[in-house]
Amino acid sequence: MLPRLVQLKGIALDFLFPRWCIGCGKEGDLICPACRRLLPRIMPRVCPRCGKPQSSGVLCASCAGSTAAIDGIRAPFRFDGVIRQAVHQLKYHNLTALAQPLAGLLRDYLAANPLPVEALVPVPLHPRRLKERGYNQSGLLARELGRLTNFPVVESGLIRHRQTLPQARTATLEERKRNIRDAFLCPDATLRDRQVLLIDDVSTSGATLDACAAVLKASGAVSVWGLTLAKEI
Ligand SMILES: [Zn+2]
Ligand SMILES: [Zn+2]
C-alpha cells in the first residue's frame, strides 16, 4: 500500500476506534506520556538473582538460602499502578493492543540493562487455559519484543503439559515450587547451546521461571534468564 494510504488507514482506524490511556483516560496513547513518567520503576541496585531491590547489590536473604536453575530474573517495574492495570487489561480484558507499548518498555529496559540472549521464549499457558483466553499474553509480549529487537522468538520452546493451581492460591514458596515443578516440557533440541531469555508478564516468587529454566537447561540451553514486565515485591 502507498504510504499516504497507510497513513489515511491509520487515521480512519483512530477515528473508528479511538484509544484512551488506561491510566488517566486521556485520548491518544494506551499509556500516555504523563502516565509513562509515573510508572513504578525498580531502581538499581537489585538482587542479582531474583531482581528485587537490594541496596547492597548482593544476593537477598531468600536467594542466598536456596539454589536455582535460572541465572537471574529482571523486571523494569513493580506490579503496581498503571503497570498492574496494563497487565490486567492485557490478560483478562482482551486489550491485546497493549502488547506493543509494553514490549517497547521491555526493549528500552534491555537496551539500558543488557542480558545474555540469543532467543526469546515466552512462558507457555496450559493448552486448556490458552483455549479459554484465546491468546498467551506472554507470547504476545515476546512476539512484539522480537519484532523490536530482531531476536528470534521460539514459541514452541516450552510446553506446559500440566495444569497448575493459580499461584496466588498456594501459600508458601515451597508449596509454589512443588505446585509448578514438572509442569513444563522442552519438546526438542532447538534451544541446545543457546542463551535463552524467558518472557512473562509478572513474576511473583520466580518459581515458574525457575521451573522453565530447569527444563531448558536439562535440554542443553547454556544460560537462561527471565525478563518480566513486572515483579511483585
Ligand atoms: Zn495517562
Ligand atoms: Zn533475591
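Conventions adopted
Residues numbered from 1 in each chain as written. Chains lettered and ligands numbered in written order. Predicted model: local features only at pLDDT ≥ 70, side-chain atom pairs only at ≥ 80, totals over all residues. Helix = DSSP H or I, 4+ residues; strand = E, 2+ residues; numbered from the N terminus. Buried ≥ 20, exposed ≤ 12 C-beta atoms within 10 Å, placed from the backbone. Contact = placed C-beta atoms within 7 Å. Pairing = 2+ DSSP bridges. Right-handed = clockwise from strand over helix to strand, strands pointing away. Core = buried A, V, L, I, M, F, W, Y, C linked by C-beta atoms within 7 Å. Domains from an automatic or database assignment. Expected span 1.5 Å × (residues − 1). Arc of directions from axis to C-beta. Axes fitted to C-alpha atoms, helices over the stretch in contact; angles between N-to-C directions. Parallel < 35°, antiparallel > 145°, perpendicular 65-115°, else oblique. Left-handed = near helix turned anticlockwise from the far one by under 90°. Nonpolar A, V, L, I, M, F, W, Y, C, P; charged D, E, K, R; others polar.

Side note on the overall build of the protein chain
- Broken down by element type, the protein chain carries 9 helices and 7 strands.
- Looking at the protein chain residue by residue over its 233 residues, the buried ones come to 34%.
- Put simply, 71% of the contacts in the protein chain that link residues at least 6 apart link residues at least 24 apart.

A word on the pairing of strand 6 (residues 195-203)
- Counting buried residues in strand 6 gives 8 out of 9 residues, a clear majority hidden from the surface.
- With 4 bridges connecting them, strand 3 (residues 119-122) and strand 6 associate as parallel partners. Bridged to A119 within strand 6 is V196.
- With 8 bridges joining them, strand 6 and strand 7 (residues 223-231) adopt parallel strand pairing. Note on strand 7: the bridge partner recorded for I199 is L227.
- In this region the chain leaves strand 6, passes through helix 9 (residues 207-218) and returns to the parallel neighbour strand 7; the handedness of that crossover is right-handed.

Some details on the nonpolar core
- If you look at the biggest cluster of nonpolar residues, it comprises 54 residues, and the most contacted ones within it are L102, L141, L198, I199, C212 and L229.
- Every element with two or more residues in this core is listed here: helix 4 (81-92), helix 5 (99-112), strand 3, helix 7 (137-149), strand 6, helix 9 and strand 7.
- Sorting elements by how many residues they give to this core places helix 9 first, with 7 residues.
- Both domains that meet at this core, namely domain 1 (1-38) and domain 2 (40-231), each give it at least three residues.
- Those residues in contact with C212, other than ones at most four positions away along the chain, are V123, L158, F184 and L198.

Some points on unusual backbone geometry
- Cis geometry marks the peptide bond from P44 to R45, where omega comes out at 5°.
- Summarising the element assignment, R45 is placed in the loop between helix 2 (33-37) and helix 3 (61-64).
- Phi angles above zero are rare outside glycine, and D193 is one such case at about 65°.
- Counting through the fold element by element, D193 comes out in the loop between strand 5 (184-185) and strand 6.

Some words on helix 5
- Between its first and last C-alpha atoms helix 5 spans 20 Å; for 14 residues at 1.5 Å apiece the expected length is 20 Å, and the two agree.
- Here helix 5 has its buried residues at A99, L102, A103, L105 and L106. Each buried residue of helix 5 lies within a common arc of 150° when the element is viewed along its axis, so the set occupies one face. Of the residues in helix 5, the exposed ones pointing more than 90 degrees away from the buried face are D108, A111 and A112.
- For helix 5, the secondary structure elements touched by its buried residues are helix 4, helix 7 and strand 7.

Things to note about the environment of G81
- As for its placement among the helices and strands, G81 is situated in helix 4.
- Sequence separation between G81 and L39 is 42 residues, and the spatial gap between their C-alpha atoms is 7.1 Å.
- Excluding residues that lie within four positions of it along the chain, G81 makes contacts with L38, L39 and P40.

Considerations on the environment of N150
- Its location among the elements puts N150 in the loop between helix 7 and strand 4 (159-160).
- The class of N150 is exposed, set by 6 C-beta atoms lying within 10 Å.

Quick word on the packing of helix 8 (residues 173-180) against helix 9
- Packing of helix 8 against helix 9 leaves a shortest axis separation of 9 Å and a crossing angle of 40°. Viewed along their axes, helix 8 and helix 9 adopt a mutual orientation that is oblique. The handedness of the crossing between helix 8 and helix 9 is right-handed. Within the contact between the two elements, helix 8 uses R176, K177 and I180 and helix 9 uses A207, T208 and A211.
- Tallied by class, residues from the contact of helix 8 with helix 9 come to 3 nonpolar, 1 polar and 2 charged.

Focus on helix 7
- Here helix 7 spans 18 Å end to end across 13 residues, near enough to the 18 Å set by a 1.5 Å rise per residue.
- Considered for burial, the residues of helix 7 that qualify are Q137, S138, L140, L141, A142, E144 and L145.
- The elements touched by buried residues of helix 7 are helix 4, helix 5, strand 3, strand 6 and strand 7.
- Following helix 7 by one or two positions, N150 has its phi on the positive side, about 70°.

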